[in-house]
Amino acid sequence: MTTRPNFVWGASTSAFQIEGAAHLGGRADSIWDVYLRAPGRIKGNETAEVACDHYHRYPEDVALMRTLGLNAYRFSIAWPRVLPQGHGAANEAGLAFYDRLIDALLAAEIEPWLCLYHWDLPQALEALGGWQNRDIAGWFADYTALVARRYGDRVKRFATFNEPCVFTLFGYGLGWHAPGIADKAALHRAIHYVNLSHGRAVDVLRRDVVGASIGAIHNRQPCYPATDRPEDAKAALRLAAYWNDAFPFPQAFACYPPGLQDAVAPFIEPGDMADIARPVDWFGLNHYSPHYVKADTNLIGAGFGPAPATVRRSAIGWPVVPDAFRDTLTDIHQRFHLPIYVLENGTAANDVIDAAGGIPDEDRIGYLKAYTAAMEQAIAAGADVRGYFVWSLLDNFEWGAGYSQRFGIVYVDHATQRRIPKASARWYAEKIAAHRASDDPAGRHNRAEE
Ligand code: GCO
């Protein structure tokens, strides 16, 4: 076993994708509620009004996690549940929901990992310009302080943002995600103000949470040219600046990558870069597949191409390239010199219930085996990887794909909300148990990091 003794095995989810209760307990609209209300945004006009009804079913979900032996659970707070207008008056019923969730996790000996922002901006703030308004750095700091003071006695692991490159590029640059804006200046403003908000939040967490362990969650995947045409090679470099470097670079090195510096410069004020580059404790990585990039006429001049025919694919067509994951981990280790937590990795699959009532998701098990083996190779080669969280615990609301993509290790029958652990959940539970036994033959399991 190449992982460290206190390696953390977990699962990740996000508020909007599982909670439901979209209009219960005082929660107000997020940009995703509003975006999905426009007809035709996604197939079947599905919404996340109910999603996995986790708001009501969290005790069952925590019990499931305990059965699987998870050490940790990463979830996000819905900003419009705790601060319906984004700033100003807090919503006690919303705050109390996360108290109950956190207490249930702790009672089950599962460490809560709290992500502040997984894409569900309060619509009230979008009406004021959202991530395009520089004031958002202050609103985000106030929201962070509310969360830190309420839960910081019980939660120590905090992530500021999940995949900032995706929600800025897709939400403000390409118009594929909420709030559906496609504008170059909007994209570059959003990038800078998200970075600024990250830095402010790190300061607040350090001030308000004793013993906080803080990071951000970034996508990083190799951007390969889809063909050997020179224009695709250039496009791959352009995409890599937005996808891989727009956030980790300023946050770690106080500068934008060369491909972005000129575009973002008009929005940078004196002192901003130092405010962004606040020291953090770990690098959170989400990784699924590499990108195969082709030249495009969109506003970044780069599009997502198909993988070459020689690349292996999963049943749903995603490239399966575990070596790219191994290389990404090694690259992060060498560039950023931080402990790494893999906070999302997994795959959707064509899951069907068999005659015996089980879900034999061999395709997903194959993916997870190959990717965790690649991670173990990176660790053996020296990468300081300290945890792995599968995406996702439950089949959930997959953004633009609605309920058509099933990413869970636990199947959710969306009509009845019945949960059925898939074969992959059993595989994962066994992997965690084997790790624990080899760590700690005497059975004295210790979840502390050091
Ligand atoms: C993220 C991801 C998740 C997705 C997952 C599968 O931002 O963390 O988008 O929310 O569900 O990556 O696509």
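Residues numbered from 1 in each chain as written. Predicted model: local features only at pLDDT ≥ 70, side-chain atom pairs only at ≥ 80, totals over all residues. Heavy atoms only, no water.

## Quick look at the pattern of salt bridges
Line of reasoning, step 1. Summed over all chains, the structure comprises 33 salt bridges.
Line of reasoning, step 2. A salt bridge links glutamate 92 to arginine 150; the nearest nitrogen and oxygen atoms lie 2.9 Å apart. Here glutamate 92 is found in helix α5 (residues 92-107), whereas its partner arginine 150 is found in helix α7 (residues 136-151), with 58 residues between them in sequence.
Line of reasoning, step 3. Among the salt bridges present, the one from arginine 326 reaches aspartate 323, with a minimum N-O distance of 3.5 Å. (Salt bridge = Lys/Arg side-chain N within 4 Å of Asp/Glu carboxyl O. Helix = DSSP H or I, 4+ residues; strand = E, 2+ residues; numbered from the N terminus.)

## What about the site of the ligand?
Line of reasoning, step 1. In the vicinity of the ligand, the residues found are Gln17, His118, Trp119, Asn162, Glu163, Asn286, Tyr288, Glu344, Trp391, Glu398, Trp399 and Phe407.
Line of reasoning, step 2. Measuring from an oxygen atom of the ligand, one finds a side-chain N or O atom of glutamate 163 at 2.8 Å.
Line of reasoning, step 3. Here an oxygen atom of the ligand and a side-chain polar atom of tryptophan 399 are 2.8 Å apart.
Line of reasoning, step 4. Relative to its unbound accessible area of 330 Å², the ligand is 93% covered by the protein chains.
Line of reasoning, step 5. Using a 2 Å cut-off from the grid points, one finds that the ligand occupies the largest pocket.
Line of reasoning, step 6. The residue inventory of the shell around the ligand, partitioned by class, reads 5 nonpolar, 4 polar and 3 charged. (Near = heavy atom within 4 Å. Polar contact = N/O pair within 3.5 Å; in protein donor to acceptor, adjacent residues only side chain to side chain. Areas by Shrake-Rupley, 256 points an atom, 1.4 Å probe, with all protein chains shown as cover. 1 Å grid on protein atoms, 1.4 Å probe; cavity = no way out; pocket = protein on both sides within 12 Å on 5 of 7 lines; lining within 4 Å. Sits in = over half its atoms within 2 Å of the grid points. Nonpolar A, V, L, I, M, F, W, Y, C, P; charged D, E, K, R; others polar.)

## Observations concerning empty space enclosed by the protein
Line of reasoning, step 1. A complete count under the given rule lists 5 cavities of 30 Å³ or more for this structure.
Line of reasoning, step 2. Counted as a void, the second largest cavity has a volume near 50 Å³.
Line of reasoning, step 3. Taken together, the residues that form the lining of the second largest cavity break down as 5 nonpolar, 1 polar and 5 charged. (Points joined across faces, edges and corners; volume = space filled by probe spheres on them.)

## Side note on the packing of helix α8 (residues 164-173) against helix α9 (residues 184-208)
Line of reasoning, step 1. Here α8 crosses α9 at 150 degrees, and the two axes come no closer than 8 Å. On the basis of the axis angle, α8 is roughly antiparallel to α9. When the axes of α8 and α9 are compared, the crossing they make is right-handed. For the pair α8 and α9, the contacting residues are Pro164, Phe167, Thr168, Leu169, Tyr172 and Gly173 in the first and Ala186, Leu187, Ala190, Ile191 and Val194 in the second.
Line of reasoning, step 2. Here the contact of α8 with α9 is built from residues that sort into 9 nonpolar, 2 polar and no charged. (Axes fitted to C-alpha atoms, helices over the stretch in contact; angles between N-to-C directions. Parallel < 35°, antiparallel > 145°, perpendicular 65-115°, else oblique. Left-handed = near helix turned anticlockwise from the far one by under 90°. Contact = heavy atoms within 4.5 Å.)

## Regarding the packing of aromatic side chains
By convention here, two paired aromatic rings are described through the distance between centres and the angle between planes.
Line of reasoning, step 1. All chains considered together, the criterion is met by 49 aromatic pairs.
Line of reasoning, step 2. Considering the side-chain rings of tyrosine 73 and phenylalanine 75, the 5.9 Å spacing of their centres and the 15 degrees angle between planes classify their relative orientation as stacked. This pair shows no difference in class: tyrosine 73 is buried, exactly as phenylalanine 75 is.
Line of reasoning, step 3. Relative to phenylalanine 407, the ring of tyrosine 288 has its centre 6.1 Å away and its plane inclined at 80 degrees; by these criteria the two rings are edge-to-face. (Phe/Tyr/Trp six-rings, centres within 6.5 Å; stacked < 30°, edge-to-face > 60°. Buried < 20%, exposed > 50% of the residue type's maximum accessible area, 1.4 Å probe, protein only.)

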